[in-house]
There are 2 protein chains.
Amino acid sequence: MTMSKYVISLGGNALGKDPQSQKDLLKHVSLAILPLIKEGHDIVLVHGNGPQVGMINLAFNESNSTPLMPFAECGAMSQGYIGFHIQNALINLIEKEKLNRKVTTLVTQVLVDENDPRFKNPSKPIGSFYSKEEADELAKSLGYDMVEDAGRGYRRVVPSPLPIDVIEKESLLALLEKHHIVISGGGGGIPVVKNDEGYHGVDAVIDKDFASAKIAEIIEADALIILTAVDHVYLNFNEPNQIKLEKIHVDELETLIEDNHFKKGSMLPKVEACISFVKKSGHKAIIASLDEAYDAIVHHKGTEILPR
Amino acid sequence: MTMSKYVISLGGNALGKDPQSQKDLLKHVSLAILPLIKEGHDIVLVHGNGPQVGMINLAFNESNSTPLMPFAECGAMSQGYIGFHIQNALINLIEKEKLNRKVTTLVTQVLVDENDPRFKNPSKPIGSFYSKEEADELAKSLGYDMVEDAGRGYRRVVPSPLPIDVIEKESLLALLEKHHIVISGGGGGIPVVKNDEGYHGVDAVIDKDFASAKIAEIIEADALIILTAVDHVYLNFNEPNQIKLEKIHVDELETLIEDNHFKKGSMLPKVEACISFVKKSGHKAIIASLDEAYDAIVHHKGTEILPR
């Protein structure tokens, strides 16, 4: 059997709101990808960190005795926290199954462009909800961009710039050479911009699916697999005229995007990340549910996005 | 010139109390080890995390909206946080100097023995200070071991078991093969014990110097270097009869330990870690100040601990 290289992007639903639930959920994630590990494929796991990075940032905000923690640093903490739980769950399963695979989590900086227009238009809501008065105070005292979020109160929004490069890509490649399962680019990576003094962290959150596509491009993956809560990409999702997409070519998908078929902040970035990888690599991308990860990769379940 | 492999253990004084001061201090650390990087030596950096892991734990304790965060998870967060800052400072300096070296931070689990007698005798004070009433309440509600700490109030104490193995040692070895500078075992490593279900995190803090000695043993380092706030190990430190130790053999040092020359929780674990490495490896260990790191390694500054 031919070994393949896969980048698997794990959505927030695969992780937990607190340490114990996260450990429990990650046992499930490990079982879902076990068949791929058994077959010996190379795997890079990229995970989201939305709720976790918000939780970490909030803890430092609410605590009276600790300093405020910038977003880049909170992202780095979330990589340690989630990476530990993923590598622990995988190693425990690998040893139980008497397989010979190693697992490594890399603290990963991802380069973004400080002139990315997305910096001028902060769009990613993060952290806790505030009243209008609190929001105004935060905007004044800390310079935060605050927006009203779907009737639930005010939240800080940060920019979500596009990933340009992975600073630690050589580490990723070195470990893949040894067939390690690598956890990298967690939460989309720690966002850094470059100036005369070098790289430095910025208040931003990189979309983890775009980071996955960039990593898949760097390691020359055979497929990018985005795992989410739904089993396929749908048109008119949950409506009587719902259509399941099983195989679709990038140009058809681009037409559907132009026709506003996919929701911003939900399916749109996933679909865009897939298109980016497929166009650059000539390989396929897959959007599928966590539970059907193996079948999606091996038996064409899920939505396959194919090059023209 | 012969290339050597060094494990360098960085004390808390090399890190910071808040994100900005940590970034500033780590520029200084990077400059201190730059000559070793220029000469092409292999380097593994192990850092402490006492104040940082306490800060993270405290933020979650004091925040009203976030779950409590167990110590293993706080340790994992501190590895992401400090690792990010160290690798960022090193990469910026390496690129400025146009050197061709890569830097990688590994999230590192370290195995301890659940039957280690040190689990029965929690000794490492961590986190914030409490009143007697608060301490009693924490002991009752969360089962914490609380002790009075030097007149400054009550603090939680956790066990400090000895490191037995590094779970991610193959990752460390793979990256050293490629001459990456590796940051591993931060804060002594995330402490895990093993049972029928695999490895799981425990409420403990492994001494970072013992973890450094274990890592030095695993990678077959040519020397273990413990960097601290003083330039040498002294007898009768800061007293009129102070004696500077320049070269000392392990058996002589063991005699000095028996005579209670070194303070628990301060110089004693450093000296014991050095003895452990030197006896197992037949190579030397060095205790020196951060600023004299290079001279200590190359020009015999600092205290050299030699095999018999």
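Cut-off values and rules
Residues numbered from 1 in each chain as written. Chains lettered and ligands numbered in written order. Predicted model: local features only at pLDDT ≥ 70, side-chain atom pairs only at ≥ 80, totals over all residues. Heavy atoms only, no water. Helix = DSSP H or I, 4+ residues; strand = E, 2+ residues; numbered from the N terminus. Buried < 20%, exposed > 50% of the residue type's maximum accessible area, 1.4 Å probe, protein only. Contact = heavy atoms within 4.5 Å. Areas by Shrake-Rupley, 256 points an atom, 1.4 Å probe, with all protein chains shown as cover. Lys, Arg positive; Asp, Glu negative; His and termini not counted. Charge placed at Lys NZ, Arg CZ, Asp CG, Glu CD. Buried area = accessible area lost by both parts, 1.4 Å probe. Salt bridge = Lys/Arg side-chain N within 4 Å of Asp/Glu carboxyl O. Polar contact = N/O pair within 3.5 Å; in protein donor to acceptor, adjacent residues only side chain to side chain. Nonpolar A, V, L, I, M, F, W, Y, C, P; charged D, E, K, R; others polar. Domains from an automatic or database assignment. Phe/Tyr/Trp six-rings, centres within 6.5 Å; stacked < 30°, edge-to-face > 60°. Lys NZ or Arg CZ within 6 Å of the ring centre and 35° of its normal. Pairing = 2+ DSSP bridges. Axes fitted to C-alpha atoms, helices over the stretch in contact; angles between N-to-C directions.

When its secondary structure is counted, chain A shows nine helices and 17 strands. For chain A, the C-alpha atoms occupy an extent of roughly 60 × 45 × 40 Å along the three principal directions. For chain A, the residues scored as buried account for 58% of the 308 residues in total. In chain A, the proportion of contacts linking residues at least 24 apart, taken out of those at least 6 apart, comes to 72%. Summed over all atoms, the accessible surface of chain A reaches about 12,800 Å², with 49% contributed by carbon and sulfur. Here chain A carries 32 positive and 43 negative side-chain charges, and the mean point of each set is 4 Å from the other.

Contacts between the two partners involve 58 residues from chain A and, on the opposite side, 58 residues from chain B. Of the roughly 4,200 Å² buried between chain A and chain B, counting both surfaces, carbon and sulfur atoms make up 62%. The tally of links between chain A and chain B comes to six salt bridges. Residues B:E177 and A:K178 are paired through a salt bridge, measuring 3.0 Å at the closest nitrogen-oxygen approach. Summed over the shared surface of chain A and chain B, the result is 28 residue pairs in polar contact (both at pLDDT 80 or more). Tallying contributions element by element places helix α3 (residues 71-96) of chain A first for the side of chain A that touches chain B, with 14 residues. Residue composition of the side of chain A that touches chain B, by class: 25 nonpolar, 19 polar and 14 charged.

Once that is clear, we can look at the domain arrangement of chain A. All names here are of chain A. If you check the domain split of chain A, you get domain 1 (5-112 + 163-306) and domain 2 (124-158). Each of domain 1 and domain 2 has a C-alpha centre, and these two points are 27 Å apart. The interface of domain 1 with domain 2 comprises eight residues on the first partner and nine residues on the second. Contact between domain 1 and domain 2 buries roughly 710 Å² in total, counting both sides, with carbon and sulfur atoms accounting for 67%. Of all residues in domain 1, the largest losses of buried area upon contact with domain 2 belong to F71, D203 and V205, amounting jointly to 46% of the total for that side. Taken together, the links from domain 1 to domain 2 amount to one salt bridge. R156 serves as the salt-bridge partner of D203, at 3.0 Å between the closest nitrogen and oxygen.

So, about the pattern of salt bridges. All names here are of chain A. Going through the model one piece at a time under the given rule, you end up with 34 salt bridges over all chains. Two residues, K214 and E217, come together in a salt bridge whose shortest N-O distance is 3.5 Å. Taken together, the residues K214 and E217, both in helix α6 (residues 208-218) and three residues apart, mark about one turn of the helix. A network of salt bridges, in which partner residues are shared, links K208, D209 and K270.

Residue and element names in this part refer to chain A. Counting across every chain of the model gives two aromatic pairs over all chains. Relative to F237, the ring of Y234 has its centre 5.2 Å away and its plane inclined at 35 degrees; by these criteria the two rings are tilted. Judged by relative accessible area, Y234 falls into the buried class, the value being 13%. For F237, a relative accessible area of 42% gives the class partly exposed. R118 extends its terminal NZ or CZ atom over the ring of F210, reaching a point 5.8 Å from the ring centre.

For the rest of this paragraph, the subject is the sheet that holds strand β7 (residues 154-158) of chain A. All names here are of chain A. On the basis of which strands lie adjacent, the open sheet formed by three strands has the order β5-β7-β6 and antiparallel pairing. The open sheet is flanked by β5 (124-130) and β6 (145-148), the only strands paired with a single partner. The sheet shows a mean angle of 40 degrees between the axes of neighbouring strands, taken without regard to direction. Both β5 and β7 contribute to a ladder of four bridges, which runs antiparallel. When the sheet's bridge partners are listed, Y130 is paired in β7 with Y154.

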